Amino acid sequence: MQALSTAPPAAFLLVLLLSALLMPAAAAPGAKRELNPSSRLAAGAARVALHYLNFQTASPGALRALGQIRKATVKSIPESGHKYYLQFTTEDYKSRENVGSCLATVLYPKTKSPPAVNIKCTYTKDQKQIQEEDNGVYQKIRHQTKPIIGNNIPDSYGNIEPALEPVWALAVAGSSYIMWEKSTENLGYFMAQVKSVKQWIRKDDFIEFDYTVLLHEIPTQEIISCHMRLTWLPGRPLKVKYFCASENQGLEYGSGMESGSAAGILHERGANF
Amino acid sequence: MSLLEPVFDLQPITFDHPGDELQMEPFAMSVLQVWLKMMRKETFLSQEGYFVRRGRLASLSKEKSLAAELSSSKFLFTQGFFLLLLYNLLLRESCCNLNLLEALAGWICLNVSVENIFLGVKWASYLLVALKALINAELNFTSNMKLILIFSALFGASLCLETFVGYSCRFAELSPSFSTACSGCQQSSWARSFCHFVKALGWRGPPEVFSPPSCSEHGMELFPLVIIIYPYQEEFVIFLHQVLRIKTRNEEEVQKLQLLESLEHLELDFWINPSTPALPVDVRIPANSVQAVKAFLESHGIAYSILIEDLQVVLDKEKQDMAYSQQRDRSSNSFNYGTYHSLDSIYAELDHLASEYSNIVSKLQIGESYEKRPLYVLKFSTGGSNRPAIWIDAGIHSREWVTQASAIWIAKKIASDYGKDPSLTSLLNKMDVFLLTVSNPDGYVFTHTTNRMWRKTRSKNQGSRCVGVDPNRNWDAGFGGPGASNNPCSDSYRGPSANSEVEVKSVVNFIKNHGNIRAFLTLHSYSQLLMYPYGYKCTEPADYAELDALGRAAAGSIQSLYGTTFTVGSICTTIYQASGGSIDWSYDYGIKYSFAFELRDTGRYGFLLPASQIIPTAEETWLGLKKIMEHVRDNPY
């Protein structure tokens, strides 16, 4: 009796497994154009997606950098812009070890608005551990008696004082917002340096920093100086206000989460460096 | 034995391939061992029972009871194991993370075998695995897994059906022994022929001594193996982490390798990507893909050889040499190659190298900068007159500090390795090397004193308050084209005319006067790229295939040291369209082997690369340069 009752499930299972193995992968044809994974357009789009992700994640311990691009296709959407479909691996921003791969779409609109990013990633690091790290950082900063100030992070020799490392990481997360907003299909950004940072002590739970960051713009090779106000609470979205002045071209009004302040215009001239 | 306690003192199980060792969690291992022992014993006993059945009825009952005991305990044990497996699967998926289909499958199985809860659990676990594999888009079976699955599925099916057939036959015929069951099977000819097929497989038939075996006991005995292996397939650790050199003979083989490249789950690391049958393909294979890849290559008749020994020797030698030279450094002078230096400090070290290695190193001045600083080139030569030469320059963009730092390390390397490294020695015996460590000394000083992010020269621009010209937009190659600005305040300002910058003009003059430069290699940072022309236009150079292949070979050498990956391509496709670049000029001038390197990193520190990365960067860059230089030496034109 046992044999009879168990034979059907067995046969079913066998059919399932055999069909799974013998099923060929179906190739999906589409109107997309495949890009060489080493092309600059693919790399640029992947970086934009990561800027967006780093900003959204709002966690200095979970920052990601681009690893390898596995696959990239682009589709031209009429009346809309160019849409990139990407598959790439990511590395931890500090340790350079692989932390998972991502699937992302990046749509560069024809209008002057930030790229529309959709990104999903796997994560090999332990989420709880990251949260604990962030909380630890948060507590340490909260319990400062004097406001944190700093200059040139990293310094000319690439050194970052260990105590200021989380401040730098927050700057990366905040600048990611700026870089994402400013990126276009042909303009990309990296955060080159934190020129100065000053903490504003708040009465509520949030941590607030005032940054001057230098962004490296490619392909123009310009160094853009941006003033950034950032507020952070672990687990909450980052709040970033900014405006950027180009070193060589005087004041350039960059948009922020709120408009730049009317009171006083920061004007850093190249010669003053 | 407590089910949840790992048993640490068992030996790992060895399979058929000597050298392969199955690494598993100790608990699963111990369970598997006990299960296998019981299987073996049971099979033995079943044979015994079969023979015993022939005659001696006296001992039959004893055997029967013992075997029956064993059988039932084994049965129970198997069921218990599957419970655990299910538990394990659930836990692995971060508990109870079953989707609707899987939950449904589990519920159905439990109900189907309502009289035997263990069976239900077992079927639930089978279906769960199968469903998970199907639903999961990334069906991640290694080829070993596939083989095991197919084999066990077929075997299980045959045994299962055999039991079913035999059972039904036996019932129909009331025949006690299997040997007559087939011929006596009146049901259908397919049942009969299947019966014979199974007999041919060597199956002696279900022993009569026990209760008629269920499908799950015999027919599916191999499925437990499959289910056990599935979660652990990544842990088939074969300790040979290999680098293979694959020699392709034709386009077809190249395409097969490209197919292999696309199989991401193998995690292959191509140092030289398959592109043309002319170049060998070097690939690093992680431990658990080695068997699969080798099987693939062998099945397609593709020849390969193991490279790792060679590399290991190279790496060891490199490390040895570094340690040796560092030791010598510490004793002879105090120049620390692992930090960033001022211009004066670098110039002092140039003098020191020229004097310490005066048999092969000499210092030349090829011109002066805008602010009248000397432009010094180190010449590495073992004699001859106007031998074919290789040109290397660094620091044309002053903020790219790792390039000047790497260049001085490379200078030291070339000088000290002559006479020790056979490849370099043979190269210097045939060719000269010219190394311009600081191409833009004015800018370099400015980055130390005033603005760390300064890129251009320091020449004054007429009619503008802005200073400096981008020296890598100032060469006479597509000058004035896209990718360079005509705004003096821009960091990519091309200058008023080609070669307007004295730093550029000096190099152009030197190369033209020399007349026998065979390679032009320039160092920049950052982005980790290895590029060949063109930048001013997006069309391929005539020597595209050779340059691309050589670039990939060099990138492979770079990667071999610390795993740093460099992207290879033309300037236009890889970084951006840029006119007036140095390697475009040198290529169009007739220097075929023109390459531009963008060294570490990929954007984290960018220009502000920590000093601790100088020597690793220099070491790996040197391997790439050497690869190209060897090719130049071996391919005179």
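Residues numbered from 1 in each chain as written. Chains lettered and ligands numbered in written order. Predicted model: local features only at pLDDT ≥ 70, side-chain atom pairs only at ≥ 80, totals over all residues. Heavy atoms only, no water.

### Some details on the overall build of chain B
In terms of regular secondary structure, chain B is built from 21 helices and 12 strands. When burial is assessed residue by residue, chain B has 57% of its 637 residues classed as buried. Partitioning the contacts of chain B with sequence separation of at least 6, the portion at a separation of at least 24 is 73%. Here chain B has roughly 26,700 Å² of accessible surface; of this, 56% comes from carbon and sulfur atoms. (Helix = DSSP H or I, 4+ residues; strand = E, 2+ residues; numbered from the N terminus. Buried < 20%, exposed > 50% of the residue type's maximum accessible area, 1.4 Å probe, protein only. Contact = heavy atoms within 4.5 Å. Areas by Shrake-Rupley, 256 points an atom, 1.4 Å probe, with all protein chains shown as cover.)

### What about the overall build of chain A?
Counting its regular elements, chain A contains four helices and 11 strands. Considering chain A as a whole, with its 273 residues, one finds that 50% of them fall into the buried category. Summed over all atoms, the accessible surface of chain A reaches about 13,600 Å², with 54% contributed by carbon and sulfur.

### Thoughts on the packing of helix α14 (residues 401-417) of chain B against helix α21 (residues 614-634) of chain B
All names here are of chain B. Look at α14 against α21: their axes get within 9 Å of each other, and the N-to-C directions meet at 65°. Crossing of α14 over α21 shows right-handed handedness. Contacts from V402, A405, S406, W409, I410, K413 and I414 in α14 reach I614, I615, T617, A618, E619, W622 and L625 in α21. Here the contact of α14 with α21 is composed, by residue class, of 10 nonpolar, two polar and two charged. (Axes fitted to C-alpha atoms, helices over the stretch in contact; angles between N-to-C directions. Left-handed = near helix turned anticlockwise from the far one by under 90°. Nonpolar A, V, L, I, M, F, W, Y, C, P; charged D, E, K, R; others polar.)

### Let's talk about the sheet that holds strand β8 (residues 432-436) of chain B
All names here are of chain B. Spatially, eight strands are ordered β5-β6-β8-β7-β9-β12-β10-β11 in an open sheet, and the strand pairing comes out mixed. The sheet is open, and its two borders are formed by β5 (361-368) and β11 (567-570), each paired with just one other strand. Pairwise comparison of adjacent strand axes, ignoring direction, gives a mean angle of 20° for this sheet. Judged from the seven bridges that link them, β5 and strand β6 (residues 374-380) form a sheet pairing that is antiparallel. Along β6, the bridge assignment pairs K363 with L378. Against the sheet, α14 engages β5, β6, β7 (389-394), β8, β9 (517-525) and β12 (593-599), with an angle of about 135° to β9. (Pairing = 2+ DSSP bridges.)

### Concerning helix α4 (residues 165-182) of chain A
Taking 1.5 Å as the rise per residue, α4(A) with 18 residues should run 26 Å; its terminal C-alpha atoms sit 25 Å apart, in good agreement. Across the 18 residues of α4(A), 17 count as buried, placing the element largely inside the fold. (Expected span 1.5 Å × (residues − 1).)

### Section: the pairing of strand β9 (residues 223-232) of chain A
The side chains of a regular strand alternate, first on one face of the sheet and then on the other. All names here are of chain A. Of all 10 residues in β9, eight are buried; the element is thus mostly enclosed. The pairing of strand β8 (residues 207-218) with β9 spans 10 bridges and is antiparallel. Bridge assignment links L215 to a residue of β9, and that residue is I224. Counting the residues that bridge the hairpin from β8 to β9 gives four residues, and of these Q221 lies at a positive phi of roughly 70°.

### Describing the packing of aromatic side chains
The relation between two aromatic rings is expressed through the spacing of the ring centres and the mutual angle of the planes. Residues and elements named next belong to chain A. Evaluation of the coordinates by the stated rule reveals 28 aromatic pairs over all chains. Taken together, a centroid distance of 6.0 Å and an interplanar angle of 50° make the contact between Y177 and W180 tilted. With Y177 and W180 both in helix α4 and three residues apart, this pair spans about one turn of that helix. Residue Y177 is classed as buried on the basis of its relative accessible area of 7%. Overall, the relative accessible area of 13% leaves W180 in the buried class. (Phe/Tyr/Trp six-rings, centres within 6.5 Å; stacked < 30°, edge-to-face > 60°.)

### Quick word on the nonpolar core
Core analysis: the largest hydrophobic core is formed by 160 residues, its most contacted members being F88(A), Y211(A), F380(B), W391(B), L530(B), F595(B) and F597(B). Looking at this core element by element, the count peaks at 11 residues for α4(A). The residues touching F595(B), leaving out its near neighbours within four places in the chain, are F520(B), L521(B), T522(B), L530(B), M531(B), Y532(B), L547(B), L550(B), G551(B), I583(B) and I628(B). Core analysis: the next-biggest nonpolar cluster, separate from the first, contains 16 residues, I246(B), L257(B), F296(B) and I302(B) among them. (Core = buried A, V, L, I, M, F, W, Y, C linked by side-chain atoms within 4.5 Å.)

### As for the state of the cysteines
Scanning the model with the defined rule gives four disulfides over all chains in all. Paired through a disulfide, C102(A) and C121(A) show a sulfur-sulfur distance of 2.0 Å. Between C102(A) and C121(A), the S-S dihedral sits near 105°, and the bridge is therefore right-handed. Of the two residues, C102(A) sits in strand β4 (residues 98-109) while C121(A) sits in strand β5 (residues 116-121), which places them 19 residues apart along the sequence. With a relative accessible area of 28%, C121(A) lands in the partly exposed category. The residue that forms a disulfide with C538(B) is C572(B), at a sulfur-sulfur distance of 1.7 Å. Of this pair, C538(B) sits in the loop between β10 (529-532) and α18 (544-562) while C572(B) sits in helix α19 (residues 571-574), and the two are 34 residues apart along the sequence. (Disulfide = S-S within 2.5 Å.)

### A short note on the confidence of the model for chain A
All names here are of chain A. Taken over all residues, the pLDDT of chain A has a mean of 82, while the share at 70 or more is 79%. Note that pLDDT drops below 50 for residues 1-7; the model gives that stretch 13 contacts with residues more than four away or on any other chain. Here residues 20-30 scores under 50 on pLDDT; set against residues more than four positions off or in separate chains, the count is five contacts. (pLDDT = per-residue confidence, 0-100.)

### Regarding unusual backbone geometry
Residue and element names in this part refer to chain A. Omega for the peptide link from I153 to P154 comes to -5°, which places this bond in the cis form. Tracing the sequence through the fold places P154 in the loop between β6 (149-153) and α4. Following I218, the chain continues into P219 via a peptide bond in cis, with omega recorded as 5°. For P219, the location among the structural elements is in the loop between β8 and β9. At R96, a position not held by glycine, the phi torsion is positive, near 65°.

### So, the side chain of H524(B)
Within the element layout of this structure, H524(B) appears in strand β9. Those residues within four positions of H524(B) in sequence are excluded, and the remaining contacts are I396(B), H397(B), E400(B), T403(B), N472(B), F597(B), E598(B) and L599(B).

### Describing the pairing of strand β2 (residues 64-77) of chain A
All names here are of chain A. In this structure, strand β1 (residues 33-35) lies alongside β2, joined through three bridges in antiparallel fashion. Bridge assignment links L35 to a residue of β2, and that residue is A72. Sheet topology note: the β2/strand β3 (residues 81-92) ladder contains 11 bridges and is antiparallel. Bridge assignment links A72 to a residue of β3, and that residue is L86.

### A short note on the sheet that holds β2(A)
Residue and element names in this part refer to chain A. One open sheet holds the five strands; their spatial order is β1-β2-β3-β4-β5, and the pairing between them is antiparallel. Each having just a single partner strand, β1 and β5 make up the two edges of the open sheet. For this sheet, the mean angle separating the axes of adjacent strands, direction not counted, is 20°. Contacting β1, β2, β3, β4 and β5, helix α2 (residues 40-57) crosses the sheet at an angle of about 115° to β2.

### Some thoughts on the pattern of salt bridges
Residues and elements named next belong to chain B. All chains considered together, the criterion is met by 23 salt bridges over all chains. The partner of D442 in a salt bridge is R373, with the nearest N and O atoms 2.8 Å apart. Highlighted residues: D442 in helix α16 (residues 441-449) and R373 in the loop between β5 and β6, separated in sequence by 69 residues. Measuring nitrogen to oxygen at the nearest pair gives 4.0 Å for the salt bridge that ties K626 to E630. Taken together, the residues K626 and E630, both in helix α21 and four residues apart, mark about one turn of the helix. (Salt bridge = Lys/Arg side-chain N within 4 Å of Asp/Glu carboxyl O.)

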